[in-house]
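The primary structure of each chain is shown beneath.
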Amino acid sequence: MTRLLATDVATMEDVATRAVAVARELGADHAVVSARASAGMQVTARDGATDTALRDARQGLSLTVYRGARAGTASTMALDPVSVRRASEEAFAIAGLVADDPDALPPDLSQMATDTPLPPLDAPSGRDPGALRAMALDGDAMIRGASTAPGTSVETVVIDVSASEGVVAMATSAGFCRGQSYSSASIWAVALARDAEGAVNDSANSSDRRFDRLDPLAALTALAVERATGQLGGRAVPSHRGPVLFEARVATQLIGDLVGALSGTPQHRGSTFLPEALGKMVAADHLDLIEDPFEPYGLASGGFDREGIAGRRRAILNAGVAEGYFLNLRSARRLGMDQTGNADGPWNLRLTSRASGGTFEDLCRRMGRGLVVRRINGGATDAVTGNWTYAVAGTWVEDGVPVHAVTDVTVGGNMCDMLTGIVAVGGDVHRGGALRTGSILIDAMQIGGGA
Amino acid sequence: MTASAMFDAAVARILTPAGIDPADLSRTLGALATAGTNLADLFFESKRSRTFRLEDGRVVGGSFQIDQGVGARSARGGQVAFAHSADTGAAALATLADAVRALDGGSGGEVQVPLTVAPPVHDLYPPIELNGDGSAAAWIALLGGIDAAARAIDPRVVRVNAWLRIVDQAILVADLDGRIAGDVRPTMQIFIDVVAEANGRRATGQNGLGGRWSTDEVAGAPLDRVIVRAVEMALVNLDARPAPTGTMPVVLAPGYPGVLFHEAVGHGLEGDHHRKNLSAFGGRIGERIAAKGVTVVDDGSLPGRIGSLGVDDEGTPGARTVLIEDGILTGLMQDRLNAGLMNARPTGNGRRQSYAHLPMPRMTNTFLVAGNDDPGEIVASVKSGIYATAFGGGRVDIVTGRFNFTTTQAWLIENGRITAPVEGATLIGVGHEALKHISMVGNDLGLDDGVANCSKQGQQLDVGVGQPTIRIDRMMVGGASS
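Please read all numbers here as calculations on a predicted model, not as lab measurements.

## What to know about the overall build of chain B
Item 1. Tallying secondary structure elements over chain B gives 12 helices and 23 strands in all.
Item 2. If one aligns the C-alpha atoms of chain B with their principal axes, the spans along those axes are about 75 × 55 × 35 Å.
Item 3. Counting only residues that meet the buried cut, chain B has 62% of its 482 residues in that class.
Item 4. In chain B, the share of contacts with a sequence separation of at least 24, taken over all contacts with a separation of at least 6, comes to 75%.
Item 5. Summing over all exposed atoms, chain B offers an accessible surface of approximately 16400 Å²; the carbon and sulfur share of this is 50%.
Item 6. Side-chain charges in chain B split into 42 positive and 52 negative, and the spacing between the mean points of these groups amounts to 5 Å.

## So, the interface of chain B and chain A
Item 1. Between chain B and chain A, the residue contacts involve 64 residues of the former and 65 residues of the latter.
Item 2. Of the roughly 5200 Å² buried at the junction of chain B and chain A (both faces included), carbon and sulfur atoms supply 51%.
Item 3. Of all residues in chain B, F64(B), I66(B) and L103(B) give up the largest surface area on contact with chain A, accounting jointly for 12% of the area buried on that side.
Item 4. Put simply, chain B and chain A have nine salt bridges between them.
Item 5. For R58(B), the salt bridge is made with D101(A), and the minimal N-O distance between the two is 3.8 Å.

## Observations regarding the packing of helix α1 (residues 9-26) of chain A against helix α2 (residues 81-95) of chain A
Residues and elements named next belong to chain A.
Item 1. Put simply, α1 and α2 touch, their axes get as near as 9 Å, and they point 50 degrees apart. On the basis of the axis angle, α1 is oblique to α2. Handedness of the α1/α2 crossing: right-handed. Here A19, V22, A23, E25 and L26 of α1 come into contact with α2, specifically with V84, R85, S88, E89 and F92.
Item 2. Its residues placed into classes, the contact of α1 with α2 shows six nonpolar, one polar and three charged.

## Some remarks on the pairing of strand β16 (residues 417-422) of chain B
Residue and element names in this part refer to chain B.
Item 1. The sheet contact formed by strand β15 (residues 402-414) and β16 spans four bridges and is antiparallel. The residue bridging W411 from the neighbouring strand is P421, located in β16.
Item 2. Hairpin connection of β15 to β16: two residues between the antiparallel strands, including N415 at a positive phi of 50 degrees.

## Remarks on the pattern of salt bridges
Item 1. The final tally for this structure, using the stated rule, is 55 salt bridges over all chains.
Item 2. Here R334(A) makes a salt bridge to E55(B), at a shortest N to O gap of 3.2 Å. Placement of R334(A) in helix α7 (residues 329-335) and of E55(B) in strand β1 (residues 39-55) is noted, with the two residues assigned to different chains.
Item 3. The class of R334(A) is partly exposed, set by a relative accessible area of 28%.
Item 4. Owing to a relative accessible area of 2%, E55(B) belongs among the buried residues under this scheme.
Item 5. Salt-bridge contacts for R402(B) lead to D408(A); the nearest nitrogen and oxygen are separated by 2.5 Å. Here D408(A) lies in strand β14 (residues 401-414) and R402(B) lies in strand β15, a pairing that spans two chains.
Item 6. Among the charged side chains, a network of salt bridges with common partners joins D101(A), D103(A), R269(A), R330(A), R334(A), R53(B), E55(B), D56(B), R58(B) and R159(B).

## Some points on the environment of T347(B)
Residues and elements named next belong to chain B.
Item 1. Topologically, T347 is positioned in the loop between α10 (336-341) and β11 (350-351).
Item 2. Residue class for T347 comes out buried when judged on its relative accessible area of 13%.
Item 3. Taking the C-alpha atoms as reference, T347 lies 26 Å from W213; in sequence the two are 134 residues apart.
Item 4. Setting aside its immediate chain neighbours within four residues, T347 contacts T316, P317, A319, T321, L332, M333 and Q334.
Item 5. Reaching out from T347, the side chain makes a polar contact with the backbone nitrogen of Q334 at a distance of 2.8 Å.

## Section: the nonpolar core
Within soluble globular proteins, side chains that are nonpolar tend to cluster in buried spots.
Item 1. Counting 88 residues, the largest nonpolar core has F52(B), L143(B), I146(B) and I192(B) as its most contacted members.
Item 2. Residue contacts for F52(B): discarding those within four places in its chain leaves I94(A), V98(A), V59(B), V60(B), G61(B), G62(B), A136(B), I140(B), L143(B), A162(B), W163(B) and L164(B).
Item 3. Among the nonpolar cores identified, the runner-up in size contains 50 residues, and L262(A), L274(A), A277(A) and Y390(A) belong to it.

## Notes on the pairing of strand β7 (residues 238-246) of chain A
All names here are of chain A.
Item 1. The sheet contact formed by β7 and strand β18 (residues 440-450) spans seven bridges and is antiparallel. By the bridge assignment for β18, L245 is matched with L441.
Item 2. By the bridge criterion, three bridges tie β7 to strand β12 (residues 370-381) in an arrangement that is parallel. Paired with F246 across the bridge in β12 is V373.

## Remarks on the sheet that holds strand β16 (residues 430-432) of chain A
Backbone-to-backbone hydrogen bonds pair the strands of a sheet. The strands run either parallel or antiparallel.
Residue and element names in this part refer to chain A.
Item 1. Spatially, β10-β9-β8-β11-β17-β16 is the arrangement adopted by the six strands of the open sheet, whose pairing is mixed. The sheet is open, and its two borders are formed by β10 (321-322) and β16, each paired with just one other strand.
Item 2. Bridge count for β16 against strand β17 (residues 435-437) is three bridges, and the pairing is antiparallel. Of the residues in β17, the one forming a bridge with H430 is T437.
Item 3. Across the sheet, helix α5 (residues 248-261) is in contact with β8 (287-292), β9 (314-318), β11 (348-353), β16 and β17; its angle to β17 comes to roughly 125 degrees.

## Some points on the confidence of the model for chain B
Item 1. Put simply, chain B has an average pLDDT of 94, and 99% of its residues get 70 or more.
Item 2. In the predicted complex, the global pTM is 0.95; the interface-specific ipTM is 0.92.

## Observations regarding the environment of L105(A)
Residues and elements named next belong to chain A.
Item 1. Secondary-structure assignment places L105 in the loop between α2 and α3 (129-144).
Item 2. Taking the C-alpha atoms as reference points, L105 and D443, separated by 338 residues in sequence, lie 46 Å from one another.
Item 3. Once residues within four sequence positions are removed from consideration, L105 is found in contact with H30, Y66, G68, A69, L329 and R333.

## Thoughts on the sheet that holds strand β10 (residues 328-329) of chain B
Residue and element names in this part refer to chain B.
Item 1. Taken in spatial order, the six strands line up as β10-β9-β8-β13-β22-β19 in an open sheet, and their pairing is mixed. Where the open sheet ends on each side, the last strands, each with one partner, are β10 and β19 (446-447).
Item 2. Bridge count between strand β9 (residues 320-325) and β10: two bridges; the pairing is antiparallel. In the strand pairing of β10, I324 is matched with L329.

Conventions used here
Residues numbered from 1 in each chain as written. Chains lettered and ligands numbered in written order. Predicted model: local features only at pLDDT ≥ 70, side-chain atom pairs only at ≥ 80, totals over all residues. Heavy atoms only, no water. Helix = DSSP H or I, 4+ residues; strand = E, 2+ residues; numbered from the N terminus. Buried < 20%, exposed > 50% of the residue type's maximum accessible area, 1.4 Å probe, protein only. Contact = heavy atoms within 4.5 Å. Areas by Shrake-Rupley, 256 points an atom, 1.4 Å probe, with all protein chains shown as cover. Lys, Arg positive; Asp, Glu negative; His and termini not counted. Charge placed at Lys NZ, Arg CZ, Asp CG, Glu CD. Buried area = accessible area lost by both parts, 1.4 Å probe. Salt bridge = Lys/Arg side-chain N within 4 Å of Asp/Glu carboxyl O. Axes fitted to C-alpha atoms, helices over the stretch in contact; angles between N-to-C directions. Parallel < 35°, antiparallel > 145°, perpendicular 65-115°, else oblique. Left-handed = near helix turned anticlockwise from the far one by under 90°. Nonpolar A, V, L, I, M, F, W, Y, C, P; charged D, E, K, R; others polar. Pairing = 2+ DSSP bridges. Polar contact = N/O pair within 3.5 Å; in protein donor to acceptor, adjacent residues only side chain to side chain. Core = buried A, V, L, I, M, F, W, Y, C linked by side-chain atoms within 4.5 Å. pLDDT = per-residue confidence, 0-100.

Take a look at the structure:
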């Protein structure tokens, strides 16, 4: 099997362990070291030729040293002994300058994931740059060869095929030492459609830890073309208040905002639109949100976070009631709660509804008349007030049937109302990074349009 | 400073520690060039960064980062092969050239590329080192005073967080045409985030300051002003109500709101989008796209600005490019690759996030030039609309020209007077149409305070934005209220 990466878990564990020893020699009371290396390749194509071919090779070491309850961190891309010592000295010096922060002390070994199972994350692609180049050129040809309506043409903005491998290892002065290797692969297809009125572009992508599990190239390019051509002729709708259906791939934005609100740092700072949320109904009572760190080959799976702490399979929302926060050790201590192993953010999350939402078409019929949001072009969520306003594009639905593309509109609301206003979640599940959800139908939002 | 101080400093920080000299660069460039190669370069970077965080009145979470490496690029026509290495020794350079040749399928030469073109010089900023030995304590002291200062302004302030970033970047680039250039770029940025509370309601305010400045230049009045502005924004937002929705006149304050021109104009005038026929501005050069009196420039040669570049990341000196002149679309921003393929000149806009990223045409300091209108009269001219002074950033779709940006501090204008504050609203428009509705341009040009950054194809860079007060007669404002 061709491997891109020239190192392995044992080597990086050794690098991390040696760095811990250096920090202790300098006089550090504790030291936590993370060492990582990755290698990848990426080929992009358009217009019948490759555009770029890239080889990526990275490595680095990050170390936090403690003098009492004072912490200093340093990182270096060079892993030779001189560079590691320099980084250790810098971290040690910083720890002498900053204030005490006892909540940030590293965990005891008993709190750490010394023997928890590691989900499988590593499936080397076995591809070389030539194989990626051939795929990228094939994808480009598929887009350019797509059949379209008269008066409409399609071209490739980019086909991007990439594969990478990596390893991360962690060692601490408490005696923890574990590493894990991983792989990832992706295809990203962007198509541009033109007609007499102008041009629009849209994309489709697939990411997986296993190259062989990526969505078929033909399906992805067809989807990118369908999405781009489907936006031709888009026009605004009048400003009004009405239902909004978020297509699954953009509905992940709403879950991302919910994750932010339930995360440790905003919670202990009081900078969240869901303060002291545990045990409270924060979303519609048919909604469950489940976190699972151990899904085999999950995009957000892992045996432990950057603090060496394992997550667990648990409910974040149970029938709309908040049951969990996403905590690193520091925010857990500040809130007086148990650790959750979320120093790297959420593990795999899945939003489901206890009421069957049916297919995307079922949701359109249920909405009857309203806006389908297919793209979020920009905007902002106010983390503290929950004020939510975005520029979007999508489709207008009448009598449950899509009738025309929509553009130049905004959608506004407040996250607190939006979460409780979710009336259905579709079975058309999309996975975007850590998040899985079907399309989400919200009963009423403010739509702004100049039509 | 002596003519070569900047280049000498870059050599001392990059080539000398790696144990390599210009002859190694000449040899590697020769190995990168294959039959048909029209562009090849080596980009070395050495970066030292420190960050510190202020929380609960204490400076905690200090970090120090060493980033260094070299990127090697070779292009035949528009096809680019690129690889990079964190190791910058002579042996690593040979391996890197092999990796690039393997990607593009060519075989490299044994010839050396003599580096004969003298490095450019500039005096936009001094070759100072902000992260020098013993410098951390002064920065920590600066950060440490912010909490108490913010709370002293108003008792409704309940939380203060701040973040400081100090970067010393040195770059050195050598290319197939025999050019060699170096630069050292000091950067500091400080961001403050304030939470205020009253009557059970919380709201935030943010402000920041950045530039190529030492602690002495930031301490005192400049930092105090940032703290006051962050507190004022949080207090204003305590009273904010959901913003209205609809098409209405909008008045934008000077400074950061110039992000409008970065999004609505700038990105659409980057050369790569034009070479690939992806920009909504394609074929419109020479056309009127804005009212007379609207002139927009990108200027990387402004002294001291965070978006300024003595030389860009391809060795081209920073320069002023007029993008819109008196309403007429005039110019594109170019890097070497796209300029070469479009038979144009590089404009000093070839920028990259790091040695591990490819350069692209990117903006430097992009702003609307001052007009003649009195800012007070601009506000007074609006019967019913929005006055916005701060934004959280913006986005644009190059292909359609559709842009959007979201307010973080705004008020209603009622009968020519600024009245009630409103929560975040998203403003949308189409680049080649929205600018036609600019009817008044103020005489109060201001650039942002060094806190703007720009993302393009996943690469982050510091930029400058700016404008005077302007009135836009018609703009779609999307709030959470009707």
